[in-house]
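Okay, here's what each chain looks like letter by letter:
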Amino acid sequence: MTVTSADPNAPAQTAPRRRSILRGVLTLARRSPISAFWGVVAALIVLMAVSADFVAPYPPLKSDFRAMQKPPSEKHWFGTDQIGRDTLARVIHGSRTSLTVAIGAVLFGTTLGALWGLACGYFGGRFDMVSQRIIEFLQSFPDLILAMAIAMALGGGLGTVIVAIAITRIPFGGRVIRSVVLSLKEMQYVEAARGLGASHPRLMFRHILPQCVAPYLILATTHLGVAIVIEASLGFLGVGIPPPNPTWGNMLADALNAGLVPPWWLVFFPGAAITLTVLAFNLLGDGIRDLLDPRLRGAV
Amino acid sequence: MVEWSGELGGAMYSYIARRLAFGALTVLGVSIMVFLIMRILPGDPLVAIFGPEGMSKLTEAQRAHYMAELGLSDPLWVQYLAWVKAIIAGDFGRSFFRSESVAEMIMRRGPLTAEIAILSVLISWIVGIPVAILSALKPNSVADGVVRFFSILFLAVPGFWVGMLIVLALLFWFGYKAPLVGVSLFVDPLANLQIVIGPAVVLGLGQAAYIARMGRSALLEVIREDYVRTARAKGLNNRLVIALHALPNALLPVITLSGVLLGLVLAGSIPVERAFGTPGLGYSMFQAVSERDVFVMQNLVFLYAVVFVVINIAVDVTIALLDPRIRYR
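Since the model is a prediction, treat every value here as computed from it, not as a measurement.

The rules behind each value
- Residues numbered from 1 in each chain as written.
- Chains lettered and ligands numbered in written order.
- Predicted model: local features only at pLDDT ≥ 70, side-chain atom pairs only at ≥ 80, totals over all residues.
- Helix = DSSP H or I, 4+ residues; strand = E, 2+ residues; numbered from the N terminus.
- Buried ≥ 20, exposed ≤ 12 C-beta atoms within 10 Å, placed from the backbone.
- Contact = placed C-beta atoms within 7 Å.
- Expected span 1.5 Å × (residues − 1).
- Nonpolar A, V, L, I, M, F, W, Y, C, P; charged D, E, K, R; others polar.
- Axes fitted to C-alpha atoms, helices over the stretch in contact; angles between N-to-C directions.
- Parallel < 35°, antiparallel > 145°, perpendicular 65-115°, else oblique.
- Left-handed = near helix turned anticlockwise from the far one by under 90°.
- pLDDT = per-residue confidence, 0-100.
- Bend = angle between axes of the 7 residues up to and from the residue.
- Core = buried A, V, L, I, M, F, W, Y, C linked by C-beta atoms within 7 Å.

Here we look at the overall build of chain A
When you go through chain A residue by residue, the secondary structure sums to 14 helices and zero strands. Written out in order from the N terminus, the α and β elements of chain A read α-α-α-α-α-α-α-α-α-α-α-α-α-α. Residues counted as buried form 49% of the 300 residues belonging to chain A. Once local pairs closer than 6 in sequence are excluded, the contacts in chain A between residues at least 24 apart make up 70%.

With respect to helix H7 (residues 159–174) of chain B
Helix length check: H7 of chain B (16 residues) gives 22 Å between terminal C-alpha atoms against 22 Å at 1.5 Å per residue, within 8%. Of all the residues in H7 of chain B, the buried ones are Gly-159, Phe-160, Trp-161, Val-162, Gly-163, Met-164, Val-167 and Leu-168 of chain B.

Topic: the interface of chain A and chain B
Taken together, the contact between chain A and chain B spans 36 residues of the former and 38 residues of the latter. For the side of chain A that touches chain B, the secondary-structure elements that each account for two or more residues are helix H6 (125–139), helix H7 (143–154), helix H11 (213–237) and helix H13 (264–292) of chain A. Looking at the side of chain A that touches chain B residue by residue, the classes come out as 25 nonpolar, eight polar and three charged.

Topic: the packing of H7 of chain A against helix H12 (residues 294–322) of chain B
Taken N-terminus to C-terminus, the directions of H7 of chain A and H12 of chain B make an angle of 160°; their axes are 10 Å apart at the nearest point. Accordingly, the angle class assigned to the pair H7 of chain A and H12 of chain B is roughly antiparallel. Handedness of the crossing formed by H7 of chain A with H12 of chain B: left-handed. For the pair H7 of chain A and H12 of chain B, the contacting residues are Ile-145, Ala-149 and Met-152 of chain A in the first and Met-297, Val-301 and Tyr-304 of chain B in the second.

Structural notes on the confidence of the model for chain B
All names here are of chain B. Confidence in the prediction of chain B, expressed as mean pLDDT, is 81, and 85% of residues score 70 or more. Confidence, read as mean pLDDT per element, is least for helix H2 (residues 45–57) in chain B (64) and greatest for helix H5 (residues 102–137) (88). Note that residues 1–5 has pLDDT below 50 and, in this model, nine contacts with residues that lie over four places away or in other chains. At the level of chain-chain contacts, confidence expressed as ipTM amounts to 0.83, with global pTM at 0.85.

Some points on helix H8 (residues 189–223) of chain B
Look at H8 of chain B: only 42 Å from first C-alpha to last across 35 residues, short of the 51 Å you get at 1.5 Å a residue. A maximum bend of about 40° is found in H8 of chain B at Val-196 of chain B, where proline Pro-199 of chain B lies one to four positions downstream.

Details of the packing of helix H3 (residues 33–50) of chain A against H13 of chain A
Residue and element names in this part refer to chain A. For the pair H3 and H13, interaxial distance at closest approach is 8 Å and the crossing angle is 135°. Between H3 and H13, the angle is such that the two are oblique. Between H3 and H13 lies a crossing whose hand is left-handed. Packed against H3, whose contacting residues are Ile-34, Ser-35, Ala-36, Trp-38, Gly-39, Val-41, Ala-42 and Ile-45, the element H13 presents Thr-277, Ala-280, Phe-281, Leu-283, Leu-284, Asp-286 and Gly-287 at the interface.

Side note on unusual backbone geometry
Generally, phi is negative for residues other than glycine and the peptide bonds are trans, each holding for most cases. Across the junction of Pro-243 of chain A and Pro-244 of chain A, the peptide omega takes the value 10°, indicating a cis bond. Mapping Pro-244 of chain A onto the fold places it in the loop between H11 and helix H12 (248–256).

Comments concerning the confidence of the model for chain A
Predicted coordinates in areas of low pLDDT are best not read in detail. Residues and elements named next belong to chain A. Across chain A, pLDDT averages 81, with 90% of residues at or above 70. Segment residues 1–15 is flagged for pLDDT under 50; beyond a separation of four residues in sequence, or across chains, it makes 15 contacts in the model. For residues 296–300, every residue scores under 50 in pLDDT, and the model assigns this stretch four contacts once sequence neighbours within four places are set aside.

Quick look at the nonpolar core
Of all hydrophobic cores here, the largest spans 157 residues; its most connected members are Ala-147, Met-148, Ala-149, Ile-165 and Ala-227 of chain A together with Met-297 of chain B. The dominant element in this core, judged by the number of residues it contributes, is helix H10 (residues 238–276) of chain B, at 17 residues. Ile-165 of chain A has contacts with Val-101, Ala-105, Gly-109, Ala-147, Ala-227, Ile-230 and Glu-231 of chain A, leaving out every residue within four places of it along the chain.

Points about the environment of Tyr-122 of chain A
Residue and element names in this part refer to chain A. When you line up the elements, Tyr-122 lands in helix H5 (residues 87–123). For the pair Tyr-122 and Val-181, spaced 59 residues apart in sequence, the C-alpha separation works out to 6.5 Å. Residues within four places of Tyr-122 in sequence aside, it is in contact with Val-181, Lys-185, Met-204 and Ile-208.

Right, here's the structure in full:
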């Protein structure tokens, strides 16, 4: 990678990785305090999901038959549902499902798409042409409909929902990373490495892949938000993770079945949780984008 | 400057022909993909129909009988060809649970969803474009900040939740009742509007956020162009410069985005129609999913995908008509 320094146009070196991550966080806090604030919110939500068993005031499935469908009170801050389960506890436990699904889907889908895009951009030719057609077919479905069809075909459950949402993320990873790789491939430092006799895997993973990390991170944070909304929609439509395990989506579906006039607290809190979480990840993603955008990187 | 070129010429026709050919290929690929998802992934459609418990209660002979009756014991490619043939003939099959054929259901419920989609696009333009102009004219002002905050907020709020909140408020204050049957626009326009307005507003505002964001950045880019400066240098009124010179070009990416969003609205209308209880096609999709009605689902998913492909072709052709640079590529 020493060739890099000879070419002022080549992207920055990635060697001092650990220090640069810490510095990145500090820079984010300084440059855009709003994004940093939402980053903290996102971190708190993740923390809440991880420690749901300790944070939640009640077990999520425990019914209190003396307090059925009661509005928010001192004992139950977010009220209770038809069979006396604590809404706050269920919302907290719902965050675990939502985040597991979202992170799982992004880890599988966006990553698989990114690697596919890397291969497409790098090898080009017939492989790329066929891949682009397949990606086009995948993109001919609106995300939610594709996810619904796959989740339904596989039958509900945590794993299938993750797979269903992951598949909808593949084309985006493929498209974005492919175009990044296409431009990187022509860079002088890659050419130099090729001239020195580097093998295909070495060129792909040692020289090109590190430069795809920034666009991948931007994509991944945005996809977290999208995945959470799709998961909630699937739960709402009854093809997500089946009850009684609480998810924000199936809690909203339950609320609709709670009677002619659904109690407002059963509708309000799960939806507010979705909105807050997606907002936090989106704004964090915006901040990361500003930070990592190659056009802004010189200023950092 | 966007100009309608009266002469379409060969380039335009060959562009349309190429686009249509690609579209046909995509529809073919999509049909194979839908078929693969609905028939191969579950391994056994009977499980999807009867549920794992009902499945285990069936005897071996019953299973074979149902499989043969549904045409599921044929080789896959025979099943695929039979399906495609039926669709071309306009036969979309029948639900296990209703007497109405799927084709009839689409004809009856489709217009309502189409209305919601089109109305929501109109709303998104009516709200989104002025907001984009306001925000681009004074970037980084307070108004710009407020607009950006709201557009980010609307991107995060799930439409079906907003729908539920609206229904809840209407129930609370006005005793709203979910519409049980669709009313055609041509029979009773007012009753029809009452049904579609809720979902259309919810979906429209969601799209308006994207439109405002895209419109703002497109306008900011166009305003910096030389020809806009020239127009200003001629002494044209700033409003005229924006309205006649900058806006038309800034709208090109917005039109493209609108096409993509129209597809998203078709999908988004499924949970939103469920929230409002709207008797549209999205609600049928929800029913098909909750009843595990594989065959109805297969046809509806295919229909939605084809509509999405057609919308994209229409948008591309519109853009090529408006922007000569595209068709000569």
